[in-house]
Amino acid sequence: MSNSVGHNLLNQSLLQSKLNSSGFPANTLQQAACVNQVSARNRKSPTLKKLSGNNLVVRRPKLAMGSRRPISVVPRAVLTTDTASEVAETFNLDGSIEMQVVVGAPTPGSSTQVNIQVAYSSDSLLLHWGGINDRKEKWVLPSRHPQGTKVYKNKALRTPFSKSGSNSVLKIEIDDPAIQAIEFLIFDESRNRWFKNNGGNFHVKLPLKEKLSSSVSVPEDLVQIQAYLRWERKGKQMYNPEQEKEEYEAARSELLEEVARGTSIREIRARLMKKNDGDDTKEPSPSDIKEPSPSVIKEPSHTDSKKIPEDLVQTQAYIRWEKAGKPNYSPDQQLREFEEARNELQIELDKGASLDEIRKKITKGEIKTKVTKHLQGKKYFSTGQIQRKKRELMHILNKYEAKPVDEKVLSKPRDLTTVELLAKEKEEQDGNPVLNKSIYKLDDKELLVFVTKPSGKTKVFLATDSREPITLHWALSKNNAGEWSEPPPNVLPQGSVSLHGAVETPFTSSSAKSSCEVQSVDIEIEDESFKGMPFVLQSAGKWFKNRGSDFYVNFSAARAPKQLQKDAGDGKGTAKTLLEKIAGLESEAQKSFMHRFNIAADLINEAKGAGELGLAGILVWMRFMATRQLIWNKNYNVKPREISKAQDRLTDSLQDIYISQPQYQELLRMIMSTVGRGGEGDVGQRIRDEILVLQRNNDCKGAMMEEWHQKLHNNTSPDDVVICQALIEYIKNDFDTSFYWKTLNENGITKERLLSYDRAIHSEPNFRRDQRDGLLRDLGNYLRTLKAVHSGADLESAISNCMGYKSEGQGFMVGVKINPISGLPSGFPDLLRFILEHVEDKNVEALLEGLLEARQELRPVLSKSTNRLKDLLFLDIALDSTVRTAIERGFEELNSAGPEKIMYFITLVLENLALSSNDNEDLIYCWKGWNHAISMLKSNNDNWALYAKSVLDRTRLALAHKAEWYLQVLQPSAEYLGSLLGVDQWAVNIFTEEIIRSGSAASLSSLLNRLDPVLRKTAHLGSWQVISPVEAVGYVVVVDELLAVQNKSYGQPTILVAKSVKGEEEIPDGTVAVLTPDMPDVLSHVSVRARNSKVCFATCFDPNILSDLQSREGKLLHLKPTSADVTYSEVKEDELAGASSTPSHEDIPALKLVKKKFSGRYAISAEEFTSEFVGAKSRNIGYLKGKVPSWVGIPTSVALPFGVFEKVLSEGSNKEVAGKVENLKRKLKEGDVSALKEIRETVLQLKASPQLVQELETTMKSSGMPWPGDEGEQRWEQAWLAIKKVWASKWNERAYFSTKKVKLDHDYLCMAVLVQEIINADYAFVIHTTNPSSGDSSEIYAEVVKGLGETLVGAYPGRALSFIAKKNDLNSPQLLGYPSKPIGLFIRRSIIFRSDSNGEDLEGYAGAGLYDSVPMDEEEQVVVDYSSDPLLVDGNFQQSILSSIARAGSAIEELYGSPQDIEGVIRDGKLYVVQTRPQM
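Residues numbered from 1 in each chain as written. Predicted model: local features only at pLDDT ≥ 70, side-chain atom pairs only at ≥ 80, totals over all residues. Heavy atoms only, no water.

Okay, the overall build of the protein chain next. Scanning the protein chain from N- to C-terminus turns up 45 helices and 47 strands. Within the protein chain, the fraction of its 1480 residues that count as buried is 55%. For the protein chain, the proportion of contacts with a sequence separation of at least 24, taken over those separated by at least 6, is 71%. Carbon and sulfur atoms make up 48% of the accessible area of the protein chain, which amounts to about 63,100 Å² in all. (Helix = DSSP H or I, 4+ residues; strand = E, 2+ residues; numbered from the N terminus. Buried < 20%, exposed > 50% of the residue type's maximum accessible area, 1.4 Å probe, protein only. Contact = heavy atoms within 4.5 Å. Areas by Shrake-Rupley, 256 points an atom, 1.4 Å probe, with all protein chains shown as cover.)

Structure follows, in structure tokens:
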């Protein structure tokens, strides 16, 4: 509520019109209505000071000083409180319950007390009440009310009673002098029982306060201060104009009562001014104030003959404010400034200057003034830009995660309908290509359209389960889709009748052809020149169309699959039962929006019970409606107020869930954005009434306007907002109808749609030029009314609903009054005003800042339960939507912008996305990362672009994660409900895509795409990262995921272009290269395997290059990679001979394994690690102990040696398990790979022998390791399960197929288990002591991640920090890339059980990483914040850690005498090595 005096003085008329048009209240608290409005209107002075927020502001004058009406003063002796003056009334409730109401007569300065006692005890008894003003029947809501009171629909207050023994009691205090009575009802909420007074309201008159009579007046500035103090005391509520007037007069009455008790004006002034003792502004000295005479008290002045006009005082105050540096004054300081300005002018007047001379001096700046130059105070905004508040980014953190609901609850099986069974039967029986299979609703029946393409023919089969006689009215389209041309006679089925340009064919019973009882029509068309078939149906005099348009069957094989309607499927991944209920109610919902919204409101609790998927189902349904995929109105006349009441009911339910179930807030916001705001009663009724007034006022009652009027009366819809906008554009553009059609078409309204309404619109607008101004004015006002009901996300409408507005009724037309929402942040209205003033700016930066500041200010209020919460939500949704449109408009502004500006815009869009997301932690850390990148750029850090590229990659991952969530939660519901409702398949296919495109994520993605090439160029990254630089020739094959084809065998050399590579996949047989836009780590499993298999592997960062590669699918390419680039060219097939390629399955020699036997030992210590007992992993870690430098830590280890698994499996207690495993292994040998999962599950059923437990405990304790069993039996069971999971990983799919490729006998593969204590790592690293990308043995390459190393070697998205170090300068590591992995893994002190098979690190075969290592405890996934991580922001710490990793790698390589692949961790600055193996 703040603004500058300058802004008001210079732009008052502009602001006033802005307020009126945009829905701001005409005045705020301090613009109290004047007692004598006639004199206020007659004043010539244009402005008058007022209190408002934190700056000097102005308002129009209301009353000249000294012109107030006299108020009589009653002698003080008469005002003494007399207990006998209390008024008591007794009522009977339902004849048996007594209620006593006692009213205490007030004294001046006191409130009226109403005490109510009911002889009825209940925890849920409420007083439903309001006040009555003079000559007003409607209740007013007193500003003062007891604790616990809630406002009920802005029409009444509800106050709970307190229990007192067997009675319920309540005390109310009324301090509003305008309230003459209270009316109420008693309501027992838990019993839903109302107590009335003979069917009406209880009415209790309040005694009048004794009138103060005398010619006493109080200075207006003191009244204003008192009014402000009252406003402050009551929590700075948002008042409507009527409440402001009441508050202002109540303040005056309080001061007059003080005067009546003998307090002087000077004493009152001193008391009011005391509250500002801390201010620097000088108080008026006693000599400046004259003591009033006993008979008349008036505002003090230096002269009785001359008075300084208010406009001069305000102008001088503005000059003082400017000279002081335009500080941010409190309301009390504003008043002092006005008094100082008045005193300065009074001095000039006392010197003998006339008012005209003073006016000239002010204009020239010649009035002497003494002000202290203030530091520029923090203001919300200047004319062009707001000043944003500094906030900690984490204050908007949301970590709400929706919990899954049991799928059994969501998905009860549904029987297929007759037509669905028939469709399934036809598809199974017909061997021809299916061009089209669609099922449409015909009221409560269905229609199947099944089109096939046998050789040289097109066969169309239509069938319905309707038992009424039904006729097909049809034609064929030859030139244009949808045209009606009469079919040739040779295609007409029996019984057909040719009409002019069409044919009628009756459906006939076809139960003999099918197990389903249906009526059908078969049509065979031999002429392939026909494009399709339009048709409608007729039954019992009723025509059936496809959502108001003709049905149309497309015969084109190329286009048909896009329109092909999917089967309903099994509804997996949806709230299936709810969706089927929605589908069953759709025919009822089609009657009108009132029906649809009421049905949705009835279903909302069931949806909430089904959790995330239930609300997703409601969203899908509502969005199908909003995008006109469902019928809006079907032969049903409904009043607009009934629609808005139904909307109100639905949105009330949604706002309740928003508070009670915060984990669903993002879905609820999306649902609300598809549903208009609504509003009971008057708002909706205005749609009907206002169009009549608009027609009458502008003499436009016929033609198009009358057709639109009939549509509005029959059933208004969101289309009416577009029609109104189109009419305005038509009039603005010199009555050019092309602008009318352009606006309609851009918003999805065609001529056919206008004709499809129950009350069709046939005509175009045709107005006279003399109607222009009136129509623009009235259509503009009407547009606001339409948006208030239909457009929840419309910004101006949303602001108006929150700030309040009033529309007067005319004649029969009802008036509308929307009260402002109380409790909004200080300065918020001014912020919204700024947004409206800049919403169409070409340069959008200031607008974006304003929009986001408003969202930030609004955020705390959205977490509170209020009856107006939905209005605030609609405002927030509108602000969110405006950010997106502003960003898109601002792309032009960024065309010539540098990287800093683009990065700043990215932070703004990220902030917006974070404010709208449930789980936004990753988004916030991305936002922090961009802020740090901007800081690095400003400080000229050489690595700013490299760092920014990592943040960009992480931001892309965050967007991908969000898109996956939308796809997982929404798309199955869209597909299942779409199939049930017969929604166009193209609309189903793009459902999730359109949801994403309509939000900030799409804008953010565009900004990232703009910045990416700039960062790559600046950081010298190029377009490729080459992981395995192997020259290759092969045929291009494009796949979505490498994972999906990892077990495939290609018969010719293949270059795979894979959109997704996670890091743990196998490379398929026959593959010579894998090219991907994904970002697996250089040291991930798939990267290592690519290098070992001599397969070219590279990441492509340039989308244009990637697109070019994808376009060459099927072509033979020659790839020539270097360490930093990949060139490619098409070649002829004769060049394939002799080119590099991977050996085929048959070319690979079989690997020999020696089968290990049980040694008689269940557990051994590290000193006993030999090839007889354990694999290379255990032996290498045992070898390092005592040989590496002392600053390199080696974790304590023991092992379960080879053969222990086979021994446990053979023991008597596991006989049944062993039998199952043998049967499943036979199944596997027969080629059934599903047995792999079954074997793993069976292995987990093994029981541990007492001897195994005893030996393992003894060995671990003797080695100094903690024994899990000491913490209880459950901890041992956790350890035993982890051991079994390691053994079971012998049968994971990746390992099984890998061994099969190299002809390794899987039965001979044995698994030892290395047992180590987990070091809870701050960082984990992997070292290759020869650079794997370049093959340079003079430098070490390493990658580092936060937390445990599983995010580095496993399938976790994002890149690790990477660096190289020259072996002759290990203390000078060179950073290659910053980390972009969003997740770090952390764990409590625990034990890890590592796989250690005899099939790892064989010559010519890299088996490492194929089998699982399993911690005893589950790791915690933590979203990591790199912006404050010392490894990234502390240069000294970074140098220390990276150089110690390089030195450790060099030392271990030197120890083994060969390149090593080393894994380790950092904990509290200390380095540990957990394993090493030869680098392959």
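Read from one edge of the open sheet, five strands run β34-β36-β37-β43-β44, paired in antiparallel fashion. Only two strands of the sheet have a single partner each, and these edge strands are β34 (1164-1165) and β44 (1414-1415). As judged from the two bridges shared by strand β43 (residues 1391-1397) and β44, these two strands associate in the antiparallel manner. Bridge pairing in β44 links Phe 1393 to Val 1414. Packing against the sheet, helix α36 (residues 1176-1184) makes contact with β36 (1197-1200), β37 (1311-1317) and β43, and its axis sits at approximately 120 degrees to β43. Those strands touched by helix α41 (residues 1273-1288) are β36, β37, β43 and β44, and its axis lies near 20 degrees from that of β43. (Pairing = 2+ DSSP bridges. Axes fitted to C-alpha atoms, helices over the stretch in contact; angles between N-to-C directions.)

Summed over all chains, the structure comprises 76 salt bridges. Arg 884 is the partner of Glu 888 in a salt bridge, and the nearest nitrogen-oxygen pair spans 3.4 Å. With Glu 888 and Arg 884 both in helix α26 (residues 869-890) and four residues apart, this pair spans about one turn of that helix. Judged by its relative accessible area of 37%, Glu 888 is partly exposed. (Salt bridge = Lys/Arg side-chain N within 4 Å of Asp/Glu carboxyl O.)

The next subject is the confidence of the model for the protein chain. For the protein chain, per-residue confidence averages 80 on the pLDDT scale, and residues scoring 70 or more make up 82% of the total. Across residues 810-814, confidence stays below pLDDT 50; counting only partners more than four residues off in sequence or on other chains, it has 17 contacts. This model gives residues 1140-1146 a pLDDT under 50, and the stretch forms 18 contacts once residues within four places in sequence are excluded. (pLDDT = per-residue confidence, 0-100.)

Time to look at the packing of aromatic side chains. Counting across every chain of the model gives 23 aromatic pairs. Where Phe 184 meets Phe 202, the ring centres are 5.2 Å apart and the plane angle is 20 degrees; that geometry is what we call stacked. Pair noted here: Phe 184 is in strand β11 (residues 179-188) and Phe 202 is in strand β13 (residues 202-205), with a separation of 18 residues, a long-range link. Since its relative accessible area comes to 0%, Phe 184 is described here as buried. Geometrically, the ring pair formed by Trp 965 and Tyr 966 is tilted, given 5.2 Å between the ring centres and 50 degrees between the ring planes. One aromatic cluster is present, built from ring pairs that chain together Phe 1205, Trp 1267, Trp 1276, Trp 1280, Trp 1287 and Trp 1291. Sitting over the face of the ring of Phe 530, Lys 478 holds its NZ or CZ atom 5.1 Å from the ring centroid. The ring centre of Tyr 1472 lies 5.6 Å from the NZ or CZ of Lys 1470, which sits over that ring. (Phe/Tyr/Trp six-rings, centres within 6.5 Å; stacked < 30°, edge-to-face > 60°. Lys NZ or Arg CZ within 6 Å of the ring centre and 35° of its normal.)

A separate point is helix α24 (residues 828-838). Taking burial as the measure, the eleven residues of α24 include ten buried ones, the bulk of the element. Within the span of α24, buried status applies to Phe 828, Pro 829, Asp 830, Leu 831, Leu 832, Arg 833, Phe 834, Ile 835, Leu 836 and His 838.

So, about the packing of helix α25 (residues 845-862) against α26. Where α25 meets α26, the closest approach of the two axes is 10 Å, and the angle between their N-to-C directions is 155 degrees. Taken as axis vectors, α25 and α26 run roughly antiparallel relative to one another. Between α25 and α26 lies a crossing of left-handed hand. The residues of α26 that touch α25, namely those facing Leu 847, Leu 848, Leu 851, Leu 852, Ala 854, Arg 855, Leu 858, Val 861 and Leu 862, are Leu 869, Leu 872, Leu 873, Leu 875, Asp 876, Leu 879, Asp 880, Thr 882, Val 883, Ala 886, Ile 887 and Arg 889. Residues that form the contact of α25 with α26 fall into these classes: 16 nonpolar, one polar and four charged. (Parallel < 35°, antiparallel > 145°, perpendicular 65-115°, else oblique. Left-handed = near helix turned anticlockwise from the far one by under 90°. Nonpolar A, V, L, I, M, F, W, Y, C, P; charged D, E, K, R; others polar.)

This part takes up the sheet that holds strand β16 (residues 458-464). Backbone hydrogen bonds hold the strands of a sheet together, and the pairing may be parallel or antiparallel. The strand order β14-β15-β16-β21-β20 describes an open sheet built from five strands, whose pairing is antiparallel. Edge strands, defined here as strands with exactly one partner in the open sheet, are β14 (434-442) and β20 (508-509). Bridging between strand β15 (residues 445-452) and β16 involves six bridges; their strand directions are antiparallel. Paired with Phe 450 across the strands is Phe 461, a residue of β16.

To continue, consider the environment of Leu 795. Considering the arrangement of structural elements, one finds Leu 795 in helix α23 (residues 795-803). Residue Leu 795 is classed as buried on the basis of its relative accessible area, which comes to 9%. Separated by 82 residues in sequence, Leu 795 and Ile 877 have C-alpha atoms that sit 8.6 Å apart. Aside from chain neighbours lying at most four places away, what touches Leu 795 is Ile 835, Val 839, Ala 878, Leu 879 and Thr 882.

In this section: the packing of α24 against α25. Between α24 and α25, the shortest axis-to-axis distance is 9 Å and the interhelical angle comes to 150 degrees. Considering the angle they form, α24 stands roughly antiparallel to α25. In the crossing of α24 with α25, the sense of the turn from one axis to the other is left-handed. Where α24 approaches α25, its residues Phe 828, Leu 831, Leu 832, Phe 834, Ile 835 and His 838 are matched on the opposing element by Ala 846, Leu 847, Gly 850, Leu 851, Glu 853, Ala 854, Glu 857 and Leu 858.

This part takes up unusual backbone geometry. Most of the time, phi is negative for any residue but glycine, and the peptide bond is trans. With a phi angle near 50 degrees, Asp 699 is a residue other than glycine that sits in the positive phi range. Here Asp 699 is to be found in the loop between α17 (682-698) and α18 (703-715). Classification of Asp 699 as partly exposed rests on a relative accessible area of 48%. Unusually for a residue other than glycine, His 1020 sits at a positive phi of about 55 degrees. Structurally, His 1020 can be placed in the loop between α32 (1000-1018) and β27 (1024-1028).

Below, the discussion takes up the nonpolar core. Among the nonpolar cores identified, the biggest contains 169 residues, and Trp 621, Met 622, Trp 930 and Ile 1445 are the most heavily contacted of them. When residues in this core are grouped by element, the largest group, 17 residues, is from helix α29 (residues 944-981). Excluding anything up to four places from it in sequence, Trp 930 contacts Met 903, Ile 906, Thr 907, Leu 910, Ala 948, Val 951, Leu 952, Thr 955, Leu 1008 and Leu 1011. In terms of nonpolar packing, the next biggest core, distinct from the first, is built from 48 residues, Val 1198, Met 1265, Trp 1276 and Trp 1287 among them. (Core = buried A, V, L, I, M, F, W, Y, C linked by side-chain atoms within 4.5 Å.)

Pairing of strand β17 (residues 471-474) with strand β19 (residues 502-506) involves four bridges; the strand directions are antiparallel. When the bridges of β19 are listed, Trp 474 appears paired with Val 503. As paired elements, strand β18 (residues 497-499) and β19 share three bridges and run antiparallel to each other. Counted as the bridge partner of Leu 499 is Ala 502 from β19. Taking the residues between adjacent antiparallel strands as the criterion, β18 and β19 are bridged by two residues, where Gly 501 takes a positive phi near 80 degrees.

Moving on: the environment of Asn 197. Structurally, Asn 197 can be placed in the loop between β12 (193-195) and β13. As a C-alpha pair, Asn 197 and Leu 185 span twelve residues in sequence and 7.8 Å in three-dimensional space.

This part takes up the side chain of Lys 1284. Mapped onto the secondary structure, Lys 1284 falls in helix α41. One buried charged residue, Lys 1284, remains without a salt bridge, the closest side chain of opposite sign being Glu 1277 at 5.8 Å. A polar atom in the side chain of Lys 1284 sits 2.7 Å from the backbone oxygen of Leu 1244. With residues up to four places along the chain from it excluded, the contact list for Lys 1284 reads Val 1243, Leu 1244, Gln 1245 and Leu 1246. (Lys, Arg positive; Asp, Glu negative; His and termini not counted. Polar contact = N/O pair within 3.5 Å; in protein donor to acceptor, adjacent residues only side chain to side chain.)

Moving on, we get to the environment of Tyr 120. Relative to the assigned elements, Tyr 120 resides in the loop between β5 (112-118) and β6 (125-133). With near-sequence residues (within four places) excluded, Tyr 120 lies in contact with Ile 97, Leu 125, Ser 166, Asn 167, Ser 168, Asp 188, Arg 191, Arg 193 and Phe 195. There is a polar contact of 2.7 Å between the side chain of Tyr 120 and the side chain of Asp 188.

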